[in-house]
Amino acid sequence: MSTDPLPVRARALWEGLASVPFPGRGGVRVAVSPRSQLCPAGWVGVVSLSGAAIVTVPDEDTAARARALADLPPDAVADVDAVRGVLPVARVLGPATLAYTSREEFRPVPPGSPTVHQLPSGHTDLRGLEEEAGEADAGEAGLEEATSPLFAVRAAGGVVAAAGYEVWQGRAAHIGVLTAPAWRGRGLARATGSAAAAHALAAGLLPQWRARIPASRRAAAALGFRELGVQLSVEPGTGRR
């Protein structure tokens, strides 16, 4: 068992979401957990963290098909091609990297460049940013689900970038960041994400940055987020392997 506090806290978070513990000596645990929050209802949820993985399935029938995932290395169980090799797959969400930071590791952006404004969650100015970014990117950021204030950069008469977080399990701050397409590549995701992470740390929460695209992963790394694992959700297909 790791004594590094960051992976210990991350594992505790995902064990709560899965309602299943990680295997104590590494490896992959496949378990029936119909209330798992690793994935949409009826799907297979996978989270791999620091040399161990949990796979949750909704019922025993799915478990019978998914148990071969336990034979994969923990790092491979969140790989789509590896999963397809042992389980029929209809749809996939992810994979996405899971990164975390702490008070000691956090590297905040100095305030004032650019200026980040604090807005209440659900602020109407967010709608224009979401429309400009498009449904897919706005859905990925999930700022409408933020329970924190929003941290926004204003320009051109509106909000061009914003970040916020949703509290998970009363212990983690799941950060979402969204930047208008015309304003990307200017460090705005890093600036707004920094403000959101600082707010979360001040509240005693574990900041979590989940990312799929390289630019988002680079922004997180620049802020001192450490990649510890991967999450994947799979809708089982019909048929057999």
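Provided above is the structure to which this section pertains.
Residues numbered from 1 in each chain as written. Predicted model: local features only at pLDDT ≥ 70, side-chain atom pairs only at ≥ 80, totals over all residues. Heavy atoms only, no water.

Chemist: Looking at this model, I keep getting lost on the overall build of the protein chain. Mind explaining?
Modeler: Within the protein chain one finds 7 helices and 10 strands. The C-alpha atoms of the protein chain give 18 Å as radius of gyration, which agrees with the globular expectation for 241 residues (18 Å, within 12%). Oriented by its inertia axes, the alpha-carbon framework of the protein chain measures out at about 55 × 40 × 25 Å. Evaluated residue by residue, the protein chain yields a buried proportion of 48% over its 241 residues. Across the protein chain, the fraction of contacts at a sequence separation of at least 24, relative to all contacts at a separation of at least 6, is 70%. Here the protein chain has roughly 11,400 Å² of accessible surface; of this, 49% comes from carbon and sulfur atoms. A distance of 4 Å separates the average location of the 24 positive side-chain charges in the protein chain from that of its 23 negative side-chain charges. (Helix = DSSP H or I, 4+ residues; strand = E, 2+ residues; numbered from the N terminus. Rg over C-alpha atoms; globule rule 2.2 N^0.38 Å. Buried < 20%, exposed > 50% of the residue type's maximum accessible area, 1.4 Å probe, protein only. Contact = heavy atoms within 4.5 Å. Areas by Shrake-Rupley, 256 points an atom, 1.4 Å probe, with all protein chains shown as cover. Lys, Arg positive; Asp, Glu negative; His and termini not counted. Charge placed at Lys NZ, Arg CZ, Asp CG, Glu CD.)

Chemist: How do you make sense of the side chain of Arg 11 when you look at a structure like this?
Modeler: Within the secondary structure, Arg 11 sits in helix α1 (residues 5-18). Buried charge without a partner: Arg 11 forms no salt bridge, and the closest opposite charge is Glu 15, 5.9 Å away. Here the side chain of Arg 11 touches Leu 49 through a polar contact of 3.4 Å, landing on its backbone oxygen. (Salt bridge = Lys/Arg side-chain N within 4 Å of Asp/Glu carboxyl O. Polar contact = N/O pair within 3.5 Å; in protein donor to acceptor, adjacent residues only side chain to side chain.)

Chemist: What should I look at first to understand the packing of aromatic side chains in this one?
Modeler: Working definition: an aromatic ring pair is given by the centre-to-centre distance plus the angle between the planes. Applying the stated criterion to the full structure yields 2 aromatic pairs. On the basis of an interplanar angle of 65 degrees and a centroid distance of 5.4 Å, the ring pair of Trp 209 and Phe 225 is categorised as edge-to-face. Of the two residues, Trp 209 is situated in strand β9 (residues 206-211) and Phe 225 in the loop between α7 (214-222) and β10 (226-236); the sequence distance between them amounts to 16 residues. Here the guanidinium or amino end of Arg 11 rests over the ring plane of Phe 22, the centre of that ring lying 5.1 Å away. Directly above the aromatic system of Trp 183 lies the positively charged group of Arg 186, at a separation of 4.3 Å from the ring centroid. (Phe/Tyr/Trp six-rings, centres within 6.5 Å; stacked < 30°, edge-to-face > 60°. Lys NZ or Arg CZ within 6 Å of the ring centre and 35° of its normal.)

Chemist: Looking at this model, I keep getting lost on the nonpolar core. Mind explaining?
Modeler: If you look at the biggest cluster of nonpolar residues, it comprises 20 residues, and the most contacted ones within it are Trp 14, Val 47, Leu 49 and Tyr 100. Of all the secondary-structure elements, those providing two or more residues to this core are α1, β2 (44-49), β3 (52-57) and β4 (89-100). In terms of residue count, the dominant contributor to this core is α1 (6 residues). Those residues in contact with Leu 49, other than ones at most four positions away along the chain, are Ala 10, Arg 11, Trp 14, Phe 22, Leu 98, Tyr 100, Leu 228 and Gly 229. (Core = buried A, V, L, I, M, F, W, Y, C linked by side-chain atoms within 4.5 Å.)

Chemist: How should I be thinking about empty space enclosed by the protein in this particular structure?
Modeler: A water-sized probe rolled over the atoms picks out the places where empty space is left. Applying the stated criterion to the full structure yields 1 cavity of 30 Å³ or more. Taken as a whole, the largest cavity encloses approximately 30 Å³ of empty space. The wall of the largest cavity is formed by Thr 97, Ala 99, Trp 209, Ala 211, Arg 217, Ala 220, Ala 221 and Glu 227. Of all elements in the fold, only β4, β9 and α7 reach the threshold of two or more residues within the lining of the largest cavity. Counting residues per element, the lining of the largest cavity draws most heavily on α7, which supplies 3 residues. (1 Å grid on protein atoms, 1.4 Å probe; cavity = no way out; pocket = protein on both sides within 12 Å on 5 of 7 lines; lining within 4 Å. Points joined across faces, edges and corners; volume = space filled by probe spheres on them.)

Chemist: It is not clear to me how the sheet that holds strand β5 (residues 117-119) should be interpreted in this structure. Could you clarify?
Modeler: Within a sheet, each strand pairs with its neighbour through backbone hydrogen bonds, oriented either parallel or antiparallel. Taken in spatial order, the 10 strands line up as β1-β3-β2-β10-β4-β9-β8-β7-β6-β5 in an open sheet, and their pairing is mixed. Where the open sheet ends on each side, the last strands, each with one partner, are β1 (27-32) and β5. Direction aside, the axes of adjacent strands within the sheet are offset by 25 degrees on average. Pairing of β2 with β10 involves 6 bridges; the strand directions are antiparallel. Opposite Leu 49, over in β10, you have Gly 229 as the bridge partner. This element, helix α4 (residues 125-133), spans β6 (150-155), β7 (158-168) and β8 (172-179) of the sheet and lies at about 100 degrees to β7. In the packing of helix α6 (residues 188-202) onto the sheet, the strands contacted are β6, β7, β8 and β9, and the crossing angle to β7 comes to about 35 degrees. (Pairing = 2+ DSSP bridges. Axes fitted to C-alpha atoms, helices over the stretch in contact; angles between N-to-C directions.)

Chemist: Just checking my understanding: could you explain the pairing of β8 for this structure?
Modeler: A regular strand carries its side chains on alternate faces of the sheet. The buried fraction of β8 amounts to 7 of the 8 residues, a majority that puts the element mostly inside the structure. In this structure, β7 lies alongside β8, joined through 8 bridges in antiparallel fashion. Residue Ala 163 lies in a different strand from β8, and its bridge partner there is Val 177. Linking β7 to β8, which pair antiparallel, is a turn of 3 residues; within it Gln 169 sits at a positive phi near 55 degrees. Note that the unit made of β8, α6 and β9 has a crossover that is right-handed. (Right-handed = clockwise from strand over helix to strand, strands pointing away.)

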